[in-house]
Amino acid sequence: MQTIAKALTIAGSDSGGGAGIQADLKTFHQLGVYGMSAITAITAQNTLGVAGVYPLPTEAVSHQMREVLRDLGADAAKTGMLFDAAIIKAVSEEIRTFGLKKLVVDPVMIAKGGAKLLLDEAIAALKTDLLPLAEVVTPNLPEAECMTGMEIRTPEEMREGARAIHALGARNVLMKGGHLEGDTVVDILFDGTNFYELAHERIQTRHTHGTGCTFSAALTAELAKNTPLVGAVEKANRFIFEAIKTAPQIGGGHGPTNHWAVVE
Ligand SMILES: Nc1ncnc2c1ncn2[C@@H]1O[C@H](COP(=O)(O)OP(=O)(O)OP(=O)(O)O)[C@@H](O)[C@H]1O
Ligand SMILES: Cc1ncc(CO)c(N)n1
């Protein structure tokens, strides 16, 4: 019996189920990976927005990670919403202690409805403590702008932004292009030497809640299964495209994607 691949999500809870650890665990499961979680914050949230944010005590986050990693271990892990510098530092310490190498950092900062999921005072800790531990960091364009101070609105500016973020220590940078203008969505992977561009048509829909979480969870699941990085990014890209295209169309606002999406 082949040992099941295991992935750990270190992220916030989205009560609406479309983003956060809920999206991550559903995506891990759909891609055949055993999912585990260390919750960093609770949000009272639905498709209309985030009504409340309740960060957990730092020790509660560290303790969840230690209990999972000392017993079950993880073949790959991702970080999502981390909220403040203390949580970022505690999470970074446990990642170093347990030697987690296949780490996807999804630098969650602002929810689609505009709610702040990362305090401004935590940006520095994200860059100095967490990015150097990342196998790959997956910023959307506003997050990349925040981390670099650059304006990033075009594929060329995405490539320059990727270089700048790589210089902060992440081994690979996946710039997510959902916020680009126009009918084509381009994701750009930079490995420190080469750029890999994945372009596809923009799906005209409002149901894109949690697309970044779902994408990075799919990427994490593939890395947990030892898929090489470029192949893992390609699979995650296909998964999120199908998940958006077949979204369940629920909720009065930005609805969730389809975490039951099937891709080869
Ligand atoms: N309308 C769309 N049509 C097709 N692909 C999309 C669309 N919107 C986003 N994507 C894809 O979804 C993935 C996530 O990109 P996006 O920029 O939406 O992340 P995000 O802003 O972090 O998402 P969220 O904040 O909702 O979690 C990328 O692979 C992107 O190409
Ligand atoms: C808990 C949580 N994490 C991440 C996002 C980003 O969509 C969200 N809306 N909620």
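Calculation rules
- Residues numbered from 1 in each chain as written.
- Chains lettered and ligands numbered in written order.
- Predicted model: local features only at pLDDT ≥ 70, side-chain atom pairs only at ≥ 80, totals over all residues.
- Heavy atoms only, no water.
- Buried < 20%, exposed > 50% of the residue type's maximum accessible area, 1.4 Å probe, protein only.
- Helix = DSSP H or I, 4+ residues; strand = E, 2+ residues; numbered from the N terminus.
- Pairing = 2+ DSSP bridges.
- Right-handed = clockwise from strand over helix to strand, strands pointing away.
- Axes fitted to C-alpha atoms, helices over the stretch in contact; angles between N-to-C directions.
- Parallel < 35°, antiparallel > 145°, perpendicular 65-115°, else oblique.
- Left-handed = near helix turned anticlockwise from the far one by under 90°.
- Contact = heavy atoms within 4.5 Å.
- Nonpolar A, V, L, I, M, F, W, Y, C, P; charged D, E, K, R; others polar.
- Salt bridge = Lys/Arg side-chain N within 4 Å of Asp/Glu carboxyl O.
- Polar contact = N/O pair within 3.5 Å; in protein donor to acceptor, adjacent residues only side chain to side chain.
- Disulfide = S-S within 2.5 Å.
- Expected span 1.5 Å × (residues − 1).
- Near = heavy atom within 4 Å.
- Areas by Shrake-Rupley, 256 points an atom, 1.4 Å probe, with all protein chains shown as cover.

> Explanation requested: the pairing of strand 4 (residues 76–79) in the structure shown.
Along any regular strand, the residues point their side chains to alternate faces of the sheet. Side-chain alternation along strand 4 places Ala 76 and Lys 78 on one buried face and Ala 77 and Thr 79 on a second face that is also buried. Bridge analysis of strand 1 (residues 6–14) against strand 4 gives four bridges, and the strand direction is parallel. Pairing of Thr 9 across the sheet is with Lys 78, part of strand 4. Bridge count between strand 4 and strand 5 (residues 103–105): three bridges; the pairing is parallel. Among the inter-strand pairings, Ala 77 is bridged to a residue of strand 5, identified as Leu 103. Note that the unit made of strand 4, helix 3 (residues 85–98) and strand 5 has a crossover that is right-handed.

> Explain the packing of helix 2 (residues 58–71) against helix 3 here, please?
Helix-helix packing is described using two parameters, namely the angle between the two axes and the distance between the axes. Their axes nearest at 9 Å, the elements helix 2 and helix 3 cross at an angle of 20 degrees. Classed by the angle they form, the pair helix 2 and helix 3 counts as roughly parallel. The chirality of how helix 2 crosses helix 3 is right-handed. Side by side, helix 2 and helix 3 meet where Thr 58, Val 61, Ser 62, Met 65, Arg 66, Leu 69 and Arg 70 of the first sit next to Ala 86, Ile 87, Ala 90, Val 91, Glu 94, Ile 95 and Phe 98 of the second. Of the residues assigned to the contact of helix 2 with helix 3, the class counts are nine nonpolar, two polar and three charged.

> When you look at the packing of helix 7 (residues 211–224) against helix 8 (residues 229–245) in this model, what are you seeing that I'm missing?
Between helix 7 and helix 8, the shortest axis-to-axis distance is 8 Å and the interhelical angle comes to 140 degrees. Of the possible angle classes, the one that applies to helix 7 and helix 8 is oblique. In this structure, helix 7 crosses over helix 8, and the sense of that crossing is right-handed. Each of Thr 211, Thr 214, Phe 215, Ala 218, Leu 219, Glu 222 and Leu 223 in helix 7 lies in contact with helix 8, whose residues at this interface are Leu 229, Ala 232, Val 233, Lys 235, Ala 236, Asn 237, Phe 239, Ile 240 and Ile 244. Among the residues forming the contact of helix 7 with helix 8, the class breakdown is eleven nonpolar, three polar and two charged.

> What is the right way to look at the pattern of salt bridges in this model?
Opposite charge on two side chains permits pairing when their charged atoms draw close. Counted under the stated rule, the structure contains 16 salt bridges. Its salt-bridge partner being Glu 135, residue Arg 171 comes within 2.7 Å of it at the nearest N-O pair. Here Arg 171, found in the loop between helix 6 (155–166) and strand 7 (173–175), pairs with Glu 135, found in the loop between helix 4 (123–130) and strand 6 (136–137); they are 36 residues apart in sequence, far enough to count as distant. Relative accessible area serves as the criterion here: at 34%, Arg 171 is assigned to the partly exposed category. Taking relative accessible area as the criterion, Glu 135 reaches 21% and is therefore assigned partly exposed. Of the charged contacts in the structure, one is a salt bridge between Lys 235 and Glu 222, with a shortest N-O distance of 3.3 Å.

> Is there a simple way to explain the environment of Asp 120 in this structure?
Looking at the secondary structure, you find Asp 120 in the loop between strand 5 and helix 4. The sequence separation of Asp 120 and Gly 169 amounts to 49 residues, and the corresponding C-alpha distance is 20 Å. Within the structure, the side chain of Asp 120 is placed 2.9 Å from the side chain of Lys 116, a separation counted as a polar contact.

> Can you walk me through the state of the cysteines in this structure?
Where two cysteines share a covalent bond between their sulfur atoms, that bond is called a disulfide. A complete count under the given rule lists zero disulfides for this structure. Here Cys 146 stays unpaired: no disulfide links it, and the sulfur of Cys 213, its closest cysteine neighbor, is 17 Å away. Its relative accessible area of 37% is what places Cys 146 among the partly exposed residues. In this structure Cys 213 comes out as buried when scored by relative accessible area, which is 15%.

> So what exactly am I meant to see when it comes to helix 8 here?
Residues lying three or four places apart along an α-helix face the same way, a consequence of the helix completing one turn every 3.6 residues. In this model helix 8 runs 24 Å from its N-terminal to its C-terminal C-alpha over 17 residues, within 8% of the 24 Å that 1.5 Å per residue would give. When helix 8 is considered as a whole, its buried residues turn out to be Leu 229, Ala 232, Val 233, Lys 235, Ala 236, Asn 237, Phe 239, Ile 240, Phe 241, Ala 243 and Ile 244. The inward-facing, buried residues of helix 8 abut helix 1 (20–30), strand 6, strand 7, strand 8 (184–190), strand 9 (195–201) and helix 7.

> Help me understand the site of ligand 2 in this model?
As a matter of local geometry, ligand 2 sits amid Gly 12, Ser 13, Asp 14, Ala 19, Gly 20, Gln 45, Met 81, Val 108, Ala 111, Leu 117, His 209 and Cys 213. In isolation ligand 2 offers 280 Å² of accessible surface; the protein chains occlude 93% of this area. Of all the elements, strand 1 adds the most residues to the shell around ligand 2, at three residues. In terms of residue class, the shell around ligand 2 is built from six nonpolar, five polar and one charged.

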